[in-house]
Amino acid sequence: MEGRPAAPPAVTAADWARRDAAVVWHGFTQMAAYEGSTPVIVERGEGNYLYDTDGRRYLDAISSLWVVTLGHADPDLNRAALAQLERISHSTLLGNGNTAAITLAEALRDVVPVTGPHFLFASDGAAAVEQAIKIAFQYWHNLGVRGRTSYLALGDAYHGDSVGSLSVGDGGFGTDLFDPLRFGVLRTPGYDDPDWVSKAVAVLDEHHDRLAAAVVEPLVQGAAGMLVTDPDRVAAFAGAVQARGVPLVCDEVATGFGRTGAMFASQLCGIRPDLMCLGKGITGGYLPLSATVAASHIFEAFLGEDLGPRTFYHGHSYSGNALACAVAARHLELIVERGLIDRAVAAAERLGDALAPVAALPAVREVRRRGLMTGVELNPPAGASRWGRRVCAAAVSAGVLLRPLGDVVVVMPPLSITDDEIDTIARTLASAIEEVAAEDAEA
């Protein structure tokens, strides 16, 4: 109509991707190829779905990198966040406290399998592991014991990207470049070796008197491609570690908060770690938060005179962020109120059944699963490349968000996933695998 101003041009997902590539540096991403890989540019979320800037809907089958538990824009978590915002969003925990952090610590105290726990908060899993490494190191120093400066860690381990967490991890993902920065550890086989426990015990027998701690991801080595082991093996390992007087660090950043069929994987193994690392799902995917949990005998070794040598001189600006802690505390309540641990167990069984046809495909080498943590290892023919990336791209095109670890496709839906959504994930993944396999067969 004459005189009416022209409508502004539509801003498409491609426009957003261009703006993104111009200013943002994405982790684990080759930015030269980013824009051409048709990234999903998320505008909003609702339930178990993400919506991009063009209005397309994607089932979040990876819990937005393993952090979302109740789905997106959960009304109860929204209310908890808003209520806390009306009080205070942040105040320092260095020498002072806030009610939200105290309340969360009290709630976690009642559910973590750690004796007399105290919580040192941080913002991500790598920081939680870094804290545990430093605590274990200083623990022995505070006791007057010297020479306890090494760590036992497993092959295929992944504990984060900071220098300390990278050191107890087993490389991969192009991190070999940073080997000169890493400190050495006593490395024993990971979960892909059926004799991993006996080999670790042999090293413990020889070197336990120089170990500050042993570090393990209980039940599932997630970033290794969802390598799984049995609870009794983890229990045997933990028992051997602690019987020899070595502190046990359980990295439950990925396995915590219902992913494996219990609140924590350590509970399924019947173990009580000396130090425990929490992250990812602690706030339901709302805000960055993590915690290092110390058993009472570890914590008490740091008690002494003010400003004295026993003090743990470590802390973060956003440690114990009140907003994140308030959401995390409400998240714990909702897991119980909604019966989500039992729901996750049932959903995991459904997922296993739904993926049986996927496991039978010739293009699939193996499906590994513990609870809702699943890795589908592909079986590409000789000369084929980027199968994991291509399969996930095909699934995303069909409306299911997946992400690969090499040629392992990770499936880890939220605890709130429905049976119909599980079936959709499995069907879409099977179709995507067959599509990619057919492309290479025709080449």
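Scroll up a little and you will see the structure.
Residue indices follow the written sequence of each chain, beginning from 1 at its first position. For a predicted model such as this one, the threshold for reporting local features is a pLDDT of at least 70, and the threshold for listing and counting side-chain atom pairs is 80 or more; totals across whole chains, interfaces and linings nevertheless cover every residue. The side-chain values count all of the structure's non-hydrogen atoms but skip hydrogen atoms and water molecules.

Before going further, it helps to examine the overall build of the protein. Only DSSP runs of H or I covering at least 4 residues are called helices, and only runs of E covering at least 2 are called strands; the numbering of each starts at the N terminus. Scanning the protein for helices and strands turns up 16 helices and 17 strands. Here the radius of gyration uses the C-alpha set of atoms, whereas the globule reference equals 2.2 Å times the residue count to the power 0.38. Its C-alpha atoms give the protein a radius of gyration of 23 Å, near enough to 22 Å, the size a compact globule of 443 residues would have. By principal-axis analysis of the C-alpha atoms, the protein measures approximately 80 × 55 × 45 Å. Note on exposure labels: buried denotes an accessible area under 20% of the residue type's maximum, exposed denotes more than 50%, and partly exposed covers the range between, all computed with a 1.4 Å probe on protein chains only. Looking at the protein as a whole, 51% of its 443 residues are labelled buried. By the convention used here, residues are in contact when the closest approach between their heavy atoms is within 4.5 Å. Once local pairs closer than 6 in sequence are excluded, the contacts in the protein between residues at least 24 apart make up 70%. Surface accessibility follows the Shrake-Rupley procedure with a 1.4 Å probe radius. Residue values consider only the protein chains on display as shielding. Carbon and sulfur atoms provide 54% of the accessible area of the protein, an area that totals close to 19700 Å². Averaged over its 35 positive side-chain charges, the protein has a centre that lies 2 Å from the centre of its 53 negative ones. The convention is simple: Lys and Arg are positive, Asp and Glu are negative, and His and the chain ends are not counted. In this description, the location of a charge corresponds to atom NZ of lysine, CZ of arginine, CG of aspartate or CD of glutamate.

With respect to the helices, strands and loops of the structure, Gln138 is situated in helix 6 (residues 125-142). A relative accessible area of 15% means that Gln138 is categorised as buried. With 172 residues separating them along the chain, Gln138 and Arg310 place their C-alpha atoms 8.1 Å apart. If we ignore the near neighbours within four places in the chain, the residues touching Gln138 are Phe302, Pro309, Arg310, Thr311 and Phe312.

Moving on: the pairing of strand 1 (residues 42-46). A pair of strands is treated as paired once DSSP finds two or more bridges between them. Inspection of the sheet shows strand 1 paired to strand 2 (residues 49-52) by 4 bridges, in the antiparallel sense. Bridge assignment links Glu46 to a residue of strand 2, and that residue is Tyr49. What sits between strand 1 and strand 2 in their antiparallel hairpin is a turn of 2 residues, with Gly47 showing a positive phi close to 60 degrees.

We now examine the sheet that holds strand 1. The strand order across the open sheet formed by 4 strands is 1-2-3-15, and the pairing between neighbours is mixed. Every other strand in the sheet has two partners, leaving strand 1 and strand 15 (400-401) as the edge strands with one partner each. Relative to strand 15, strand 3 (residues 57-60) runs parallel, the two being bridged by 2 bridges. Opposite Leu59, over in strand 15, you have Val400 as the bridge partner.

We now examine the layout of surface pockets. Approximately 1100 Å³ is the volume attributed to the second largest pocket. Residues are said to line a cavity or pocket when one of their atoms sits within 4 Å of a point; the points come from a 1 Å grid over protein atoms alone, cavities being sets where a 1.4 Å probe fits but cannot get out and pockets being open sets with protein on both sides within 12 Å along at least five of seven lines. Along the wall of the second largest pocket there are 35 residues; nearest its centre are Leu93, Phe119, Leu120, Phe299 and Phe312. For the lining of the second largest pocket, the secondary structure elements donating two or more residues are helix 5 (99-109), strand 4 (118-122), strand 12 (290-294) and helix 11 (296-300). Among the elements that take part in the lining of the second largest pocket, helix 5 stands out by supplying 5 residues, more than any other. Grid points are joined across faces, edges and corners, and a volume is the space filled by probe spheres set on the points.

It is worth spelling out the pattern of salt bridges at this point. In what follows, salt bridge is the name for a side-chain nitrogen of Lys or Arg lying within 4 Å of a carboxyl oxygen of Asp or Glu. All chains considered together, the criterion is met by 23 salt bridges. For Asp205, the salt bridge is made with Arg244, and the minimal N-O distance between the two is 2.7 Å. With Asp205 in helix 8 (residues 196-207) and Arg244 in the loop between helix 9 (231-243) and strand 10 (248-251), this residue pair connects regions lying 39 residues apart in the sequence. The partner of Glu377 in a salt bridge is Arg368, with the nearest N and O atoms 2.6 Å apart. Each of the two residues, Glu377 as well as Arg368, counts as buried. Bridged by salt links that share partners, the residues Asp74, Asp76, Arg79 and Arg338 form one connected network.

Before going further, it helps to spend a moment on empty space enclosed by the protein. What the rule picks out here adds up to 1 cavity of 30 Å³ or more. Its volume calculated, the largest cavity comes out at about 40 Å³. Lining the largest cavity are Tyr158, His159, Gly160, Ser165, Leu166, Gly169, Asp170, Gly171, Gly172, Phe173 and Thr175. Residues are grouped as follows: nonpolar covers Ala, Val, Leu, Ile, Met, Phe, Trp, Tyr, Cys and Pro; charged covers Asp, Glu, Lys and Arg; every other residue, Gly included, is treated as polar. Tallied by class, the residues present in the lining of the largest cavity amount to 3 nonpolar, 7 polar and 1 charged.

Before going further, it helps to spend a moment on the nonpolar core. Where a protein is soluble and globular, its nonpolar side chains tend to be buried together. Among buried residues, those of type Ala, Val, Leu, Ile, Met, Phe, Trp, Tyr and Cys that are joined through side-chain atoms within 4.5 Å constitute a nonpolar core. Core analysis: the largest hydrophobic core is formed by 76 residues, its most contacted members being Leu108, Leu402, Leu429 and Ile433. Looking at which element gives the most residues to this core, the answer is helix 12 (residues 322-337), with 11 residues. Not counting chain neighbours up to four residues away, the residues in contact with Leu402 comprise Ala61, Ile62, Cys392, Ala395, Val396, Val409, Val410, Val411 and Leu429. Counting residues in hydrophobic clusters, the runner-up holds 33 residues, among them Trp66, Leu227, Leu405 and Val410.

Every helix has an expected span of 1.5 Å times one less than the residues it contains. Over its 15 residues, helix 13 (residues 340-354) runs 20 Å from end to end, which matches the ideal 21 Å to within 8%, given 1.5 Å per residue. Those residues of helix 13 lying buried are Leu340, Ile341, Ala344, Ala347, Ala348, Leu351 and Ala354. Around the axis of helix 13, the buried residues are gathered within 130 degrees of arc, so they sit on the same side. In helix 13, those exposed residues whose orientation departs by more than 90 degrees from the buried face are Asp342, Glu349 and Asp353. Among the structural elements, helix 12, helix 14 (356-359), strand 13 (364-370), strand 14 (373-378), strand 17 (408-411) and helix 16 (419-442) are those in contact with the buried residues of helix 13. The arc refers to the directions leading from the helix axis to the C-beta atoms.

Attention now goes to the state of the cysteines. The disulfide criterion is simple: two cysteine sulfur atoms within 2.5 Å. Under the definition given, this model contains 0 disulfides. Cys250 provides the cysteine sulfur closest to Cys269, a residue in no disulfide bond, and the two sulfurs are 7.6 Å apart. This cysteine, Cys277, is not joined by any disulfide, and Cys250 carries the nearest cysteine sulfur, 8.7 Å off. Overall, Cys277 belongs to the buried group, its relative accessible area being 0%.

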